[in-house]
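Structure assessment
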Amino acid sequence: MPEIKLITFDLDDTFWDIKSTIINAEINSRKWIEDKIKKKIEWGTFDDFLEIRNELIKENPSLDYDLGLLRKKMISYHTQKYFKNQKDLDEFIEEAYMFFLEERHKVEFFDDVIPVLEKLSLNYKLGVLTNGNADIKKLGIDHMFDFSVSSMDVKSNKPDQGHFIRAKELSQINFHNTLHVGDHPVNDVCGARELGINVMWFNLNNLVWDIDENPPIQFKKWSDFVNLLEENYGN
Ligand SMILES: [Mg+2]
């Protein structure tokens, strides 16, 4: 039984529900933009959004991991025709992006996440490995973590190895003594396992593990986490 010294966590859909967070941020941002430029904007359907997004990524592949720039390009796509010069447009995009970012951080933590992290932070090094652009400082939870790695930092998305390797470099703790916790079967569980990192799957919706014959340790309530950790790793 490996001794766990470092626990890394995914953020979106592991500490809070991301869909409702982003939908609210999107609705409020759209309203903010329309109020500012005093125009009704045709935002299109979700499929339109995906199509524009894919086009933008095709033009600039780094947008696949640079969510901030992707967001700014989307704002520009919908608003540029209302601006006469680039400087005004750029300033507007920056302001609109800042508004979105504030909204995107209005998350509702799942029950018991914070007390569990507080407890764990006394005995383990803790880190964040996220493909998203949530910022633990902005969320006021950074005091519990030793580090945070985003896709921008490593120019790739989990399940690629970048996040996990950076965690090892930052903590100086090897994969064998690391536990990664996340909701995503591929990005979190398979990505970490591939490197020999211990895993726990946050499986809120009781999904069936159908990737291989070896389902990971899983939990759906954060209040169960510490016991599960003790049972499985004896720490
Ligand atoms: Mg996630």
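The paragraphs below set out a description of the structure included in this document. (Residues numbered from 1 in each chain as written. Predicted model: local features only at pLDDT ≥ 70, side-chain atom pairs only at ≥ 80, totals over all residues.)

Before going further, it helps to spend a moment on the nonpolar core. Residues Ile7, Val128 and Val181 are the most contacted members of the largest nonpolar core, which totals 24 residues. Secondary structure elements with two or more residues in this core: β1 (6-9), β2 (125-130), α7 (162-171), β4 (178-182), α8 (185-193) and β5 (198-202). What Ile7 contacts, discounting residues up to four positions off in sequence, is Leu120, Tyr124, Leu126, Leu179 and Val181. Residues Ala25, Met74, Ile75 and Phe100 belong to the second largest nonpolar core, which totals seven residues. (Core = buried A, V, L, I, M, F, W, Y, C linked by C-beta atoms within 7 Å. Buried ≥ 20, exposed ≤ 12 C-beta atoms within 10 Å, placed from the backbone. Helix = DSSP H or I, 4+ residues; strand = E, 2+ residues; numbered from the N terminus. Contact = placed C-beta atoms within 7 Å.)

What follows covers the environment of Ala167. When you line up the elements, Ala167 lands in helix α7. Along the chain, Ala167 and Leu126 lie 41 residues apart, while their C-alpha atoms are 9.8 Å from each other. Ignoring any residue separated from it by four or fewer positions in sequence, one finds Ala167 in contact with Thr8, Gly127, Leu129, Val149 and Thr178.

The next thing to look at is the packing of helix α3 (residues 67-79) against helix α4 (residues 86-104). Where α3 meets α4, the closest approach of the two axes is 9 Å, and the angle between their N-to-C directions is 125°. Taken together, the axes of α3 and α4 are oblique relative to one another. α3 and α4 meet at a crossing whose hand is right-handed. Contact residues: Gly68, Arg71, Lys72, Ile75, Ser76 and Thr79 in α3; Leu89, Phe92, Ile93, Ala96, Tyr97 and Phe100 in α4. (Axes fitted to C-alpha atoms, helices over the stretch in contact; angles between N-to-C directions. Parallel < 35°, antiparallel > 145°, perpendicular 65-115°, else oblique. Left-handed = near helix turned anticlockwise from the far one by under 90°.)

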